[in-house]
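Listed here are the chains, written in short residue letters.
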Amino acid sequence: MKKLKTTTKIDFATYAGVTLAFLLVYALQQGGSLTNAMKSWLVPICSFIVMAVSLNLVVGISGELSLGHAGFMSVGAFSGIVTAMSLTNAIPSGPVRLLLAILVGAVFAAVTGVIVGVPVLRLRGDYLAIVTLAFGQIIKDLINCLIVGYDSHGLHIIFNLDGLRSVSDLHMEETGVAIIKGAQGAVGVPKLSSFFAGYLLVMVALVIVLNLVRSRTGRAIMAIRDNRIAAESVGINVTKYRLIAFVTSAALAGAAGALFGLNYGGLLSSRFDFNTSILVLVYVVLGGLGNIWGSVIAATVLYILPEALRGFQDYRMLLYAVVLILVMLATNNEQLKALLGRLIPKRKGAKSNG
Amino acid sequence: MAEKRVFEKGKMVPVPSQAIIPERDSDKSPILECSHLGIDFGGLRAVDDFNLTLGRTEIAGLIGPNGAGKTTVFNLLTKVYQPTRGTILLDGYDTAGKTPAQINRMGIARTFQNIRLFSALSVEDNVKIGLHNQEPYSMFTGILRLPKYWRQEKAAHERAMELLSIFDMQDLAAHEAGSLPYGAQRRLEIVRALATNPSLLLLDEPAAGMNPSETAELMENIVKIRDTFQIAVMLIEHDMNLVMGICEGICVLNFGQVIAKGTAEEIQSNPTVIEAYLGKKK
Ligand SMILES: Nc1ncnc2c1ncn2[C@@H]1O[C@H](COP(=O)(O)OP(=O)(O)OP(=O)(O)O)[C@@H](O)[C@H]1O
Ligand SMILES: [Mg+2]
C-alpha cells in the first residue's frame, strides 16, 4: 500500500520556490549582471509558466488533451493589446492599464473557452484534441482578418475577409491610431509588461490552480479523470466540471497572452500557432501530468534552453519532436514507468500530489 | 424528493424487518417501484418485464446465474442505460430521462462489480468525492479559501473519517486508493456510496474476492449500515450464505426474466430456481 504525501507542504514549497527565484533574478537584474538578451526572457518565461500551469489543469488534472492552448493565449494577447491601447488617454497609469488588459484578456479567452468547450465537452469521448487543434488554426486566421483602430469616437473594428481592405477603411479621425492591421498584426504596442507583473501573474495562477485542485471542484474534476462512470454515480455533473477546468485554463492562458502581448512593440497572430501549443504541451508532459511545480520548472528550463542555444535553432523543433516521442514512450510503457518509478521514487504518485 | 436524513454518529437504530420483496411494506410507501422494466441490446432481451417493489429499510437480494441480467438491472436503475421499456419510481418520483448523476442526487448510490475507484487519489479524497453534494461551497469559495471553505472542508474531513470508521478504515485515509488490497477497495466503494447520503444502496457483488471471514464481517456491516442509516439495500451476490443470511427478500433472474421472488426459505425450495441453478433433473 502506498501513502500519499500531504499537499499543503508541496504547495507552500511551490510558492516559496517561485518567490525565491524571483527575488534572486530581480537582484541580479538590479545589480546589472543580466545581459540584455537574458532580460528579454523574463516576461516570456512568466507567460509560459502561466501557460504551462493552466494547460496542466486541462491535460493533467482533467485528463483531456488540448492542442490549441496558444489560441487562447492569442485571444488574450490581442484583446489585451486593444484594451491597453484604446485606454491610453483615459487611464494614463501603465500598471493599471496592464491589469485591465490582463483581466480583459482573461475574460475574452474564457468566453472563447465556453464557445469551444460547450459543444465538445458535452460529448462522451476524446473529441477535445481535434476540436482545439482546429480552433488554434481558426483563431489565427480570424485575427489575421482583423483590423482595429481607435479615435475619440471609440473603437473601430472591421473584418477584412476578402483581403482587400486596410486601415483607411476604418474611417477614423485624423488622430486615430491603428491597433491591429490585419496580417501585419498589432503595431505600436506600448511595452507595459514587467518582470514584477509577470511574477505576480505566476503567483495568482498558482494560487488559482492549486486552490482549485485542493477544493471540492478540483476533486470532482480529478474524479472524472480517474473514472467517469464512478464520478457520475456519486452525483457529479460531468459536463459542468470538465467545462470548469477547460474555461479556467483558457482564462489563465488569456491572461498570460495579455502579459506576453504587452511585452513587445508589435505582435503577429502567427506567433501563437500550433508549434506554440505543442511547446506548452511539452512543458506540461515533461514537468509531469498533474504536477504543477513540475510545469513551472519545465517551462522555465525549456524556455531558456533553446534561447541559450540560438545557434542550433534549426534543430529546435527536431529536438522537441524527439523529446516528445521519448516522453510519450516513457509514459505509455508500463515497464519504463516502473523503472522510472524505481530510479526516482519521489515521482511515484506525482499525478495525485500535483 | 425524500427529506435527507442526518447521519448521527454512533446512533444505531435497530429496525424490525417487516418489508420484504413481495409487496409487504404496508405501513410505509415503498422506496423503489419498477414496473415492466426492460432493455434490449440489439436482438438480446437482456432484461424483460422486471417488476419489483422495495421497502424503505429492506435488504433485498438479486441473484441468478452468470449473464442473467443482474448488473443490467442496476445499470437501468442508475440510468447508466436508459430502459427500453417500463418505469422506475424512486420514492414515488418518476426517474424517466434522468442522468446517472441526477439519480444519485435523488437517492440511489451504488458500487460496481468491477471496482471503480478514483485510484490515483487518496482513500479520504475518494470518500470526500462521495460527499460532493453534501459540501456545496462554490468554486470561488474554494479558490479564495473563504471561511466557508475551511468550515465545510473540516466537516467533510470529519464526516469522511466517521464513514470510514464503519469498516475500521480510518488508518488508511492517506493511502492511495488503487494500492489497497482487493477487499479494502470493495469496502471503500461502499463507504463512498454511503457518503452521497442515499436512501437506496445498490451493491454489485460486494463479497467477490473476499475470504470467508471478510465476508462474515461484511454481512454484519451491511445490516449495521441499514440499521444506522435507515436505508434500503439491494445486493447482487453469488455467495449464497451471504444472500440467505441477510436478505429479507430475494429476487431470482434467469435470462433476463424474474423466475422467482420471496424469502430465503421460499427461494431455496422453489423448483424453478433449483432447475435454473442446477439444470433440469432427468
Ligand atoms: N452494453 C451491453 N451491450 C450488449 N450486451 C450487454 C451489455 N451489457 C450486458 N449485456 C449482456 O446482457 C446480459 C446480462 O449481462 P449482466 O452483466 O447484466 O449479467 P449479470 O447477471 O450481472 O452476470 P454476472 O453474474 O456474470 O455478473 C449478458 O448476456 C451480457 O452479455
Ligand atoms: Mg454482473
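Residue positions are given per chain, counted from 1 along the sequence in the order it is written. In the order they appear in the text, chains get letters beginning with A and ligands get numbers beginning with 1. In view of the model being predicted, local features appear only for residues whose pLDDT reaches at least 70, and side-chain atom pairs are presented and counted only at 80 or more, with totals across whole chains, interfaces and linings using the full set of residues. As a convention, hydrogens and water are excluded, and side-chain values are obtained from all of the structure's heavy atoms.

Our focus in this paragraph is the overall build of chain B. Secondary structure assignment for chain B yields ten helices and ten strands. Residues classed as buried in chain B amount to 56% of the 282 residues present. Residues are treated as being in contact if the distance between any of their heavy atoms lies within 4.5 Å. Restricting to contacts in chain B with at least 6 residues of sequence separation, those with at least 24 account for 70%. When the accessible area of chain B is evaluated, it comes to approximately 12,000 Å², of which 53% is carbon and sulfur surface. By the criteria applied, helices consist of DSSP H or I runs no shorter than four residues and strands consist of E runs no shorter than two, each listed in order from the N terminus. Burial here depends on accessible area, computed with a 1.4 Å probe over protein chains only, as a share of the maximum for the residue type. Under 20% is buried, over 50% is exposed, and the range in between is partly exposed. Using the Shrake-Rupley algorithm and a 1.4 Å probe, accessible areas are obtained, with residue cover drawn only from the displayed protein chains.

Let's shift gears to the domain arrangement of chain B. Often the size quoted for an interface is simply the accessible area lost on bringing the parts together. Residues and elements named next belong to chain B. Throughout the structure description, domain borders are defined by an automatic or database domain assignment. Under the domain assignment used here, chain B contains domain 1 (16-107 + 199-282) and domain 2 (117-197). Centre-to-centre separation of domain 1 and domain 2, based on C-alpha positions: 27 Å. Taken residue by residue, the interface counts 18 residues in domain 1 and 13 residues in domain 2. Once two parts are brought into contact, the accessible area they lose, counted with a 1.4 Å probe and summed over both, makes up the buried area. The contact between domain 1 and domain 2 buries some 1,300 Å² in all, and 65% of this surface belongs to carbon and sulfur atoms. Sorting the residues of domain 1 by area buried against domain 2 places N104, I225 and F229 first, and these three jointly supply 29% of that buried surface. In what follows, salt bridge is the name for a side-chain nitrogen of Lys or Arg lying within 4 Å of a carboxyl oxygen of Asp or Glu. Taken together, the links from domain 1 to domain 2 amount to one salt bridge. When the shortest N-O distance is used, the salt bridge between R187 and E214 registers 3.4 Å.

Before going further, it helps to examine the sheet that holds strand β10 (residues 257-262) of chain B. Residue and element names in this part refer to chain B. With mixed pairing, six strands are arranged side by side in an open sheet as β6-β7-β8-β3-β9-β10. The open sheet terminates on both sides in strands that have one partner only, identified here as β6 (108-110) and β10. Each adjacent strand pair in this sheet contributes to an overall mean axis angle of 20°, direction not counted. Should DSSP find at least two bridges between two strands, the strands are taken to pair. Of the pairings in the sheet, the one linking strand β9 (residues 249-254) to β10 comprises five bridges and is antiparallel in character. Considered in β10, the bridge of V252 is made with A260. To define axes, lines are fitted to C-alpha atoms, for helices over the stretch in contact only, and angles between the resulting N-to-C directions are given on a 0 to 180 degree scale. Seen against the sheet, helix α1 (residues 70-77) touches β3 (59-63), β6, β7 (200-204), β8 (232-236) and β9 and runs at an angle of roughly 145° to β8. Relative to the sheet, helix α6 (residues 182-195) contacts β6 and β7, its axis offset from that of β7 by approximately 160°.

Attention shifts here to the interface of chain A and chain B. Tallying the contact residues gives 33 residues for chain A and 37 residues for chain B. Summed over both sides, the interface of chain A with chain B buries roughly 3,100 Å², with 61% coming from carbon and sulfur. Considering only the side of chain A, the residues that lose the most area to chain B are A:M1, A:R216 and A:R219, jointly responsible for 24% of the buried surface there. At the boundary of chain A and chain B, one finds two salt bridges. In this structure, B:E153 and A:R219 form a salt bridge, with 2.9 Å as the shortest nitrogen-oxygen distance. Polar contact is defined as a pair of N or O atoms within 3.5 Å, subject to the rule that within protein one atom must be able to donate a hydrogen and the other to accept it, and that residues adjacent in sequence are counted only when both atoms are side-chain atoms. For the pair chain A and chain B, the interface holds 15 residue pairs in polar contact (both at pLDDT 80 or more). Those elements that place two or more of their residues in the side of chain A that touches chain B are α6 (195-213), α7 (216-226), α8 (228-233) and α9 (238-261) of chain A. If one sorts the elements of the side of chain A that touches chain B by residue count, α7(A) sits on top with eight residues. Each residue is assigned to one class: nonpolar for Ala, Val, Leu, Ile, Met, Phe, Trp, Tyr, Cys and Pro, charged for Asp, Glu, Lys and Arg, and polar for all the others, Gly among them. A class-by-class count of the residues in the side of chain A that touches chain B yields 16 nonpolar, nine polar and eight charged.

Right, let's get into the coordination of the magnesium ion (ligand 2). Residue and element names in this part refer to chain B. Around the magnesium ion (ligand 2), the protein contributes the donor atoms T71 (OG1) and Q113 (OE1), at 1.9 to 2.1 Å from the metal centre. One end of the pair, T71, is in helix α1; the other, Q113, is in the loop between β6 and α3 (123-130), and 42 residues separate them in sequence. Note on Q113: relative accessible area 33%, which makes it partly exposed. With water excluded from the atoms, a metal site may look incomplete; its donors are any N, O or S atoms within 2.8 Å, or within 3.2 Å for Na, K and Ca.

Once that is clear, we can look at the site of ligand 1. Residues and elements named next belong to chain B. A single heavy atom is enough: if one lies within 4 Å of a molecule or strand, its residue is considered near that molecule or strand. Neighbouring ligand 1 are 14 residues, the closest being G67, K70, T71, T72 and Q113. One nitrogen or oxygen atom from the side chain of N66 is found 3.0 Å from an oxygen atom belonging to ligand 1. The protein chains hide 64% of the 640 Å² of surface that ligand 1 would expose on its own. Counting only elements with at least two residues in the shell around ligand 1, the list comes to β2 (44-54) and α1. With three residues, the top contributor of residues to the shell around ligand 1 is α1. Of the residues in the shell around ligand 1, the class split is five nonpolar, seven polar and two charged.

Once that is clear, we can look at the packing of aromatic side chains. What counts as a ring pair is set by centres within 6.5 Å for rings of Phe, Tyr and Trp (its six-membered ring), and what kind of pair is set by the plane angle: stacked under 30 degrees, edge-to-face over 60, tilted for all other angles. Across all of its chains, the model carries 16 aromatic pairs over all chains by this definition. Each ring, one from A:F78 and one from A:F272, has its centre 6.3 Å from the other, and the planes form 80°; the classification is edge-to-face. Here A:F78 is found in helix α3 (residues 69-86), whereas its partner A:F272 is found in the loop between α9 and α10 (274-287), with 194 residues between them in sequence. As far as the burial class goes, A:F78 and A:F272 line up, both buried. Every member of this aromatic cluster is reached through a ring pair, and the members are A:F48, A:F78, A:F260, A:Y264, A:F272, A:Y283 and A:Y303. To sit over a ring, a charge needs its Lys NZ or Arg CZ within 6 Å of the ring centre and within 35 degrees of the ring normal. Here the guanidinium or amino end of B:R116 rests over the ring plane of B:F112, the centre of that ring lying 5.5 Å away. For the cation-ring pair, B:R192 lies above B:F118, with the distance from its terminal atom to the ring centre recorded as 4.7 Å.

Another point: the pairing of strand β1 (residues 32-41) of chain B. All names here are of chain B. Pairing geometry for β1 and β2, over seven bridges, is antiparallel. Residue pairing in the sheet places D40 in a bridge with R45 of β2. Connecting β1 to the antiparallel partner β2 that follows it, the hairpin turn spans two residues, and G42 within it adopts a positive phi of roughly 60°. Relative to strand β4 (residues 85-90), β1 runs antiparallel, the two being bridged by five bridges.

Okay, the environment of A:F78 next. Residue and element names in this part refer to chain A. On the basis of relative accessibility, which here comes to 3%, the residue F78 falls in the buried class. Sequence spacing of F78 and L146 is 68 residues, and the spatial spacing of their C-alpha atoms is 10 Å. Ignoring anything within four residues of it in the chain, the contact list for F78 reads I143, I180, A186, L267, L268, S269 and F272.

Residue and element names in this part refer to chain A. The interhelical angle for the contact between helix α2 (residues 36-61) and α6, taken along N-to-C directions, is 10°, at an axis separation of 8 Å. Comparing the axis directions of α2 and α6 gives the class roughly parallel. Where α2 abuts α6, its residues L42, V43, C46, I49, V50, V53, L57 and I61 lie against F195, G198, Y199, L201, V202, A205, L206, V209, L212 and V213. Here the residues of the contact of α2 with α6 are counted per class, giving 17 nonpolar, one polar and no charged. Here roughly perpendicular refers to angles of 65 to 115 degrees, roughly parallel to angles under 35, roughly antiparallel to angles over 145, and oblique to all remaining angles.

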